[in-house]
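Summary of structural features
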Amino acid sequence: MKVVWIALAILLVLCIFIGIHSSIMSRTAKDILSECAKISSRLPSEDWETILKKLDKIEAIWEKHRTWAALTISTKDIEEIEVAFYQSLAYAEARQTSGFIGEFVMFTKLVEHIPTHEGIHWEEIL
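The notes below deal with the structure included here. Keep in mind it's a predicted model, so treat the numbers as computed, not measured.

As a further point, take the packing of aromatic side chains. This structure, assessed with the given rule, holds five aromatic pairs. Ring centres of Phe-17 and Trp-68 lie 5.8 Å apart, and the angle between their planes is 50°; this geometry places the pair in the tilted category. You can see Phe-17 sitting in helix 1 (residues 2-42) and its partner Trp-68 sitting in helix 2 (residues 48-69), a full 51 residues away along the chain. We classify Phe-17 as partly exposed; its relative accessible area is 36%. On the basis of relative accessible area, Trp-68 is assigned to the partly exposed category, the value being 26%.

This is how it looks when you write it as structure tokens:
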């Protein structure tokens with residue numbers, strides 16, 4: 001009987017961990033995508049100073065949660081996200097609109113997929 005209780009306790013801890021992880025990853029992606037939307041609204045006017053400030057904010061959000069993300073997101077996926085981000089940043093610093101847009105769209109799409117890869121969805125369970 002003791003083994004059953006220990007197994008249930010371990011299962012409960014795992015479920016709590018999965019829920020917390022899913023919540024953190026969803027919140028991180030939501031925060032980053034919120035900043036991405038603000039950047040997208042500034043692109044037509046080419047307000048590079050604001051764009052660079054928002055990119056710095058995105059970098060801070062990502063760095064704050066990067067270690068947590070590395071628990072379950074593959075190294076390859078993290079590298080793709082970071083390469084797209086830093087290339088976007090380089091294009092923004094050089095004020096090259098066309099290069100920035102391409103890399104920024106790639107970065108945004110990669111971040112959009114974080115919650116679906118890391119979250120728990122009923123469609124996947126059923």
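This next bit is on the packing of helix 2 against helix 3 (residues 75-94). Axis separation between helix 2 and helix 3 bottoms out at 10 Å; the angle between their running directions is 160°. The orientation of helix 2 relative to helix 3 falls into the category roughly antiparallel. Between helix 2 and helix 3 lies a crossing whose hand is left-handed. For the pair helix 2 and helix 3, contact is made by Trp-48, Ile-51, Leu-52, Leu-55, Ile-58, Glu-59, Trp-62, Glu-63, Arg-66 and Ala-69 and by Ile-78, Ile-81, Glu-82, Phe-85, Tyr-86, Ser-88, Leu-89, Ala-92 and Glu-93, respectively. Residues that form the contact of helix 2 with helix 3 fall into these classes: 13 nonpolar, one polar and five charged.

What follows deals with the pattern of salt bridges. Taken as a whole and judged by the stated rule, the model has eight salt bridges. With a closest N to O distance of 3.0 Å, Asp-47 and Arg-42 form a salt bridge. What makes Arg-42 partly exposed here is its relative accessible area of 32%.

Grouped together as the largest cluster of nonpolar side chains are 28 residues, with contacts concentrated most on Ile-32, Ile-51, Leu-55, Ile-58, Phe-100, Phe-107 and Ile-114. Contributions of two or more residues to this core are made by helix 1, helix 2, helix 3 and helix 4 (97-112). Looking at this core element by element, the count peaks at eight residues for helix 2. Leaving out residues up to four positions away in the same chain, Phe-107 has contacts with Ile-32, Cys-36, Ile-58, Ile-81, Ala-84, Phe-85 and Ser-88.

Right, let's get into the side chain of Thr-28. Residue position: Thr-28 is located in helix 1. Apart from residues no more than four positions distant in its own chain, Thr-28 is found in contact with Ile-61 and His-65.

What follows is about helix 1. If you check helix 1, its first and last C-alpha atoms are 60 Å apart, about what 41 residues at 1.5 Å a residue would give, namely 60 Å. All of the buried residues along helix 1 are His-21, Ser-22, Ile-24, Met-25, Thr-28, Ala-29, Ile-32, Glu-35, Cys-36 and Ile-39.

Note: most residues except glycine have negative phi, and most peptide bonds are trans. Despite not being glycine, Glu-46 shows a phi value in the positive range, around 50°. Structurally, Glu-46 is set in the loop between helix 1 and helix 2. Given a relative accessible area of 42%, Glu-46 falls into the partly exposed group. Of note in this structure, Arg-95 is not a glycine but carries a positive phi near 60°. With respect to the helices and strands, Arg-95 occurs in the loop between helix 3 and helix 4. Residue Arg-95 is classed as partly exposed on the basis of its relative accessible area of 38%.

Cut-offs used in this document
- Residues numbered from 1 in each chain as written.
- Predicted model: local features only at pLDDT ≥ 70, side-chain atom pairs only at ≥ 80, totals over all residues.
- Heavy atoms only, no water.
- Phe/Tyr/Trp six-rings, centres within 6.5 Å; stacked < 30°, edge-to-face > 60°.
- Helix = DSSP H or I, 4+ residues; strand = E, 2+ residues; numbered from the N terminus.
- Buried < 20%, exposed > 50% of the residue type's maximum accessible area, 1.4 Å probe, protein only.
- Axes fitted to C-alpha atoms, helices over the stretch in contact; angles between N-to-C directions.
- Parallel < 35°, antiparallel > 145°, perpendicular 65-115°, else oblique.
- Left-handed = near helix turned anticlockwise from the far one by under 90°.
- Contact = heavy atoms within 4.5 Å.
- Nonpolar A, V, L, I, M, F, W, Y, C, P; charged D, E, K, R; others polar.
- Salt bridge = Lys/Arg side-chain N within 4 Å of Asp/Glu carboxyl O.
- Core = buried A, V, L, I, M, F, W, Y, C linked by side-chain atoms within 4.5 Å.
- Expected span 1.5 Å × (residues − 1).

Any link to function would need more than the numbers given here.
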